[in-house]
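# What the coordinates show
The lines below spell out each chain.
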Amino acid sequence: MRTFNKWNDKFEVSVSYSLSSSQPGMESLMPIDNDINPLARRVNNPNLKTSVTHNINSYVSFIFKNKSSLSIAVNGSVYTDMIGTRTTYNTQTGAYAYMSDNVHSGNWTLNPYVVYSGKLDKKGLFGIETRLSLDYTKSTDFDIAYDADINNAASVLSRVYTSILRDYLKLSFQKGDLNVALVADAQWRNSTSNRDNFQTLNAYDYNYGMTLSYKLPLGIQLATDLKQYSRRGYGDSSMNTDDLVWNASLARSFCKGQLTLTAEGFDILHQLSNTTYTVNAQGRTEVWRNTIPNYVMMHVAYKLTKMPKKK
């Protein structure tokens, strides 16, 4: 790994490079032709090469007189000789054959982003935080070859290009025991491919809402957040939803801060769900998961402190 750093009280610059490699497992290098299942034949490839990953990370940060900061970063990775799966399909018998092989090039990622935080007024009551980022991925693997022998199949490659653009914004106000923030987070995912049967993907995930914390009378600390989570563009229409999620908690300390009692309500409106979308050269996957159901919970915390004996 190689790293370059330079900094002072006004800016910082950092650039680092690292290289890693991954060898194929010994079992995959054994010259074995497994045709126990004639409809799913597996052929090992003793000529597999070591996969290599090149990583580079760089950023520059500026600190201004009003204590605001700006950071600009570019990260990326290049993958060579990645192990993919060569696949053939016999249209007469319906049988598949599989063989691992190296995809010599065509796999890389690029991630530039910009982060800014600072105050909007001279008194420092209003603040702003924002982050704009782009994740670009080129994924390459072997496409299906029809009516060909697995040992002589042409190198038909499937290439998928995925861009994820994300923007996060937080506007906050703080005065005394009151802290209020408006937050918004939007993400756009686009995937295209050189394959004729590929359906271009445009999916949107975004949420917006507010958070609040305030110290009530009797020393009770209130914290709550209310956010709207929305999804659009998923292949399954049941995943294109709008979920309003509300969480809240009340906390009170006793015994000079040693004992804390907290009542917490999670997903009070019972709307929360979890969906992920993955697209690469092998295909696309939409996953919907059940999450922890809404609940109300009581916490009791006691802080033990022991001072060392004086000599």
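Located above this text is the structure these notes cover.
In this text, all values refer to a predicted model and were calculated from it rather than measured experimentally.

What counts, and where the lines are drawn
Residues numbered from 1 in each chain as written. Predicted model: local features only at pLDDT ≥ 70, side-chain atom pairs only at ≥ 80, totals over all residues. Heavy atoms only, no water. Patch = residues over 30% accessible without salt bridge, like charges linked within 9 Å, V, L, I, M, F, W, Y side chains within 5 Å. Areas by Shrake-Rupley, 256 points an atom, 1.4 Å probe, with all protein chains shown as cover. Salt bridge = Lys/Arg side-chain N within 4 Å of Asp/Glu carboxyl O. Helix = DSSP H or I, 4+ residues; strand = E, 2+ residues; numbered from the N terminus. Pairing = 2+ DSSP bridges. Buried < 20%, exposed > 50% of the residue type's maximum accessible area, 1.4 Å probe, protein only. Phe/Tyr/Trp six-rings, centres within 6.5 Å; stacked < 30°, edge-to-face > 60°. Lys NZ or Arg CZ within 6 Å of the ring centre and 35° of its normal.

This next bit is on a nonpolar patch on the surface. Residues Phe-62, Phe-64, Ile-72, Val-114, Leu-132, Leu-134 and Leu-165 make up a contiguous nonpolar surface patch of roughly 530 Å² in combined accessible area. Residue position: Phe-62 is located in strand β5 (residues 51–63).

In this section: the pairing of strand β4 (residues 40–43). In terms of strand pairing, strand β3 (residues 33–34) meets β4 through 2 bridges, oriented antiparallel. In the sheet register, Asp-33 faces β4, and the bridge partner there is Val-43.

So, on to the sheet that holds strand β11 (residues 144–146). Pairing in this open sheet of 5 strands is mixed, and the strands run β3-β4-β8-β7-β11 from one edge to the other. Each having just a single partner strand, β3 and β11 make up the two edges of the open sheet. With 4 bridges connecting them, β4 and strand β8 (residues 96–103) associate as parallel partners. When the bridges of β8 are listed, Val-43 appears paired with Met-99.

Here 6 bridges tie strand β1 (residues 2–7) to strand β2 (residues 11–22), and the two strands are oriented antiparallel to one another. Paired with Thr-3 across the strands is Ser-16, a residue of β2. Between β1 and β2, which follow one another and run antiparallel, lie 3 residues.

On to unusual backbone geometry. A positive phi is found at Asp-81, a non-glycine position, where the angle reads about 55°. We classify Asp-81 as buried; its relative accessible area is 16%.

The subject of this paragraph is the pattern of salt bridges. It is possible for side chains of opposite charge to pair when their charged atoms get near one another. The tally for this structure, following the rule as stated, stands at 5 salt bridges. Notably, a salt bridge pairs Asp-33 with Arg-41, separated by 2.7 Å at the nearest N-O pair. Under the relative-accessibility criterion, Asp-33 is labelled partly exposed at 39%. Take Arg-41: its relative accessible area is 22%, and that puts it in the partly exposed class. Arg-231 is the partner of Asp-243 in a salt bridge, and the nearest nitrogen-oxygen pair spans 3.8 Å. One end of the pair, Asp-243, is in strand β16 (residues 242–254); the other, Arg-231, is in strand β15 (residues 220–232), and 12 residues separate them in sequence.

Enumeration according to the criterion identifies 5 aromatic pairs in this entry. Both rings, one in Phe-126 and one in Phe-173, keep their centres 4.9 Å apart while their planes meet at 50°; by these two values the pair is tilted. Here Phe-173 lies in strand β12 (residues 157–175) and Phe-126 lies in strand β10 (residues 126–142), a separation of 47 residues in the sequence. Take Phe-126: its relative accessible area is 39%, and that puts it in the partly exposed class. Here Phe-173 falls in the partly exposed class, since its relative accessible area comes to 22%. An aromatic cluster of at least three residues, connected via ring pairs, comprises Tyr-89, Tyr-96, Tyr-98 and Tyr-146. Here the basic side chain of Arg-131 rests over the ring of Tyr-113, its NZ or CZ set 4.0 Å away from the ring centre. Geometry around Phe-254 places Arg-252 over its ring, the cationic atom sitting 4.6 Å from the centre.

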